[in-house]
Amino acid sequence: MMRTRIRHFRKQRGLTQGELAARLGTTAATVSRLETADMTISMDWLERIAGVLEVGVPDLLDAPGPGRVACLGEVGRGGVAPLGEPPALPVSLASAAREPLAFKVVERIGDYSPGDILIADRLPVEKASAALGYDCFAADAAGGYGFGRLIALSPSHCVLVPPEPGALPRDIAGPGWIAPVVTLVRHFPGVSALRSRN
């Protein structure tokens, strides 16, 4: 079961379990079970509770741990744009990544759909040869990010082919790191699905 911080924020707002339950249209017993992880909590419940408590869904998750991921940017045609305000991320972003980074897809690009979250494993360039042939993010010298299939790699540059049809390869000089996508979190209305490359 997933631990949450519902009780923390409920008490911070000065609400009893009964008062929170009334605002959610449920029972105090259900709120108690949600707070103590006695029942599986869905994304729908988390979104409803977050709305009532006026916090983000990630805030309701238990204290950050190794599986929590920072969302660095949004992915669309032509590459990656850094975020101003990080989006709310899905409930579980645990993945096989040792140094996880996340990017949110904002428009259809190749097989990726708007709302998808791509979790990548940041690697030093000298250890990224195993990522050849995979979709990757790469940090460029100007502090931006490139995204696409990694088709060439050397210590001084890498070449990414974006997933949209007709896109030209992008040569990135002096990449700071390479991050192959290891997990795709796909959002369907009312459902979150998690797929891993490993």
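Let me sum up the structure you'll find in this document. Keep in mind it's a predicted model, so treat the numbers as computed, not measured.

1. Things to note about the nonpolar core
Soluble, globular proteins show a tendency: their nonpolar side chains are buried together.
Here's step 1: Judged by nonpolar contacts, the single largest core of 18 residues is most densely connected at Ile6, Leu20, Ile41, Ile49, Leu53 and Leu60.
Here's step 2: It is helix α4 (residues 43–53) that provides the largest number of residues to this core, a total of six residues.
Here's step 3: In this view, leucine 20 contacts Ile6, Arg10, Leu15, Val31, Val52 and Leu53; residues no more than four positions away in its chain are not counted.
Here's step 4: Counting residues in each nonpolar core, the second largest holds 16 residues, with Val75, Leu118, Tyr145 and Trp177 among its members.

2. Comments concerning the side chain of aspartate 116
Here's step 1: Position of aspartate 116 among the secondary structure elements: in the loop between β3 (100–105) and β4 (117–121).
Here's step 2: A distance of 2.8 Å separates the side chain of aspartate 116 from the backbone nitrogen of serine 113, its partner in a polar contact.

3. Considering the environment of aspartate 171
Here's step 1: Tracing the backbone through its elements, the reader meets aspartate 171 in strand β8 (residues 170–173).
Here's step 2: The class for aspartate 171 is exposed, based on a relative accessible area of 52%.
Here's step 3: Separated by ten residues in the primary sequence, aspartate 171 and valine 161 place their C-alpha atoms 8.9 Å from one another.
Here's step 4: In this structure aspartate 171 touches His157, Cys158 and Val159, once residues within four positions along its chain are discounted.

4. Let's talk about helix α3 (residues 28–35)
Here's step 1: Taken together, the buried positions of α3 are Thr30, Val31, Leu34 and Glu35. Taken around the axis of α3, the buried residues stretch over an arc of 135°, which confines them to a single face.
Here's step 2: Contact partners of the buried residues in α3: α1 (6–12), α2 (17–24) and α4.

5. A look at the packing of α2 against α3
Here's step 1: Close contact between α2 and α3 brings their axes to 8 Å; oriented N to C, the two are set at 105°. Considering the angle they form, α2 stands roughly perpendicular to α3. Of α3, the residues touching α2 (which contributes Gln17, Gly18, Leu20, Ala21 and Leu24) are Ala28, Val31, Ser32 and Glu35.

6. Overview of the packing of aromatic side chains
Here's step 1: For the structure shown, the criterion picks out five aromatic pairs.
Here's step 2: With a centroid separation of 5.4 Å and an interplanar angle of 75°, the aromatic rings of phenylalanine 103 and tyrosine 145 are classed as edge-to-face. Remark: tyrosine 145 occurs in strand β6 (residues 145–154) and phenylalanine 103 occurs in strand β3; sequence separation between them is 42 residues. The pair phenylalanine 103 / tyrosine 145 is uniform in exposure class, with both members buried.
Here's step 3: One aromatic cluster in this structure is built from Phe103, Tyr112, Phe137, Tyr145, Phe147 and Trp177.
Here's step 4: One cation-aromatic arrangement involves arginine 48 over tryptophan 45; the distance from NZ or CZ to the ring centre is 4.3 Å.

7. Some thoughts on the packing of α2 against α4
Here's step 1: The geometry of α2 relative to α4 is characterised by a closest axis approach of 10 Å and an angle of 110° between their N-to-C directions. On the basis of their axis angle, the class for α2 and α4 is roughly perpendicular. Relative to α4, the crossing made by α2 is right-handed. Of α4, the residues touching α2 (which contributes Leu20, Arg23 and Leu24) are Trp45, Arg48, Ile49, Val52 and Leu53.

Reading guide: rules and limits
- Residues numbered from 1 in each chain as written.
- Predicted model: local features only at pLDDT ≥ 70, side-chain atom pairs only at ≥ 80, totals over all residues.
- Heavy atoms only, no water.
- Core = buried A, V, L, I, M, F, W, Y, C linked by side-chain atoms within 4.5 Å.
- Buried < 20%, exposed > 50% of the residue type's maximum accessible area, 1.4 Å probe, protein only.
- Helix = DSSP H or I, 4+ residues; strand = E, 2+ residues; numbered from the N terminus.
- Contact = heavy atoms within 4.5 Å.
- Polar contact = N/O pair within 3.5 Å; in protein donor to acceptor, adjacent residues only side chain to side chain.
- Arc of directions from axis to C-beta.
- Axes fitted to C-alpha atoms, helices over the stretch in contact; angles between N-to-C directions.
- Parallel < 35°, antiparallel > 145°, perpendicular 65-115°, else oblique.
- Phe/Tyr/Trp six-rings, centres within 6.5 Å; stacked < 30°, edge-to-face > 60°.
- Lys NZ or Arg CZ within 6 Å of the ring centre and 35° of its normal.
- Left-handed = near helix turned anticlockwise from the far one by under 90°.

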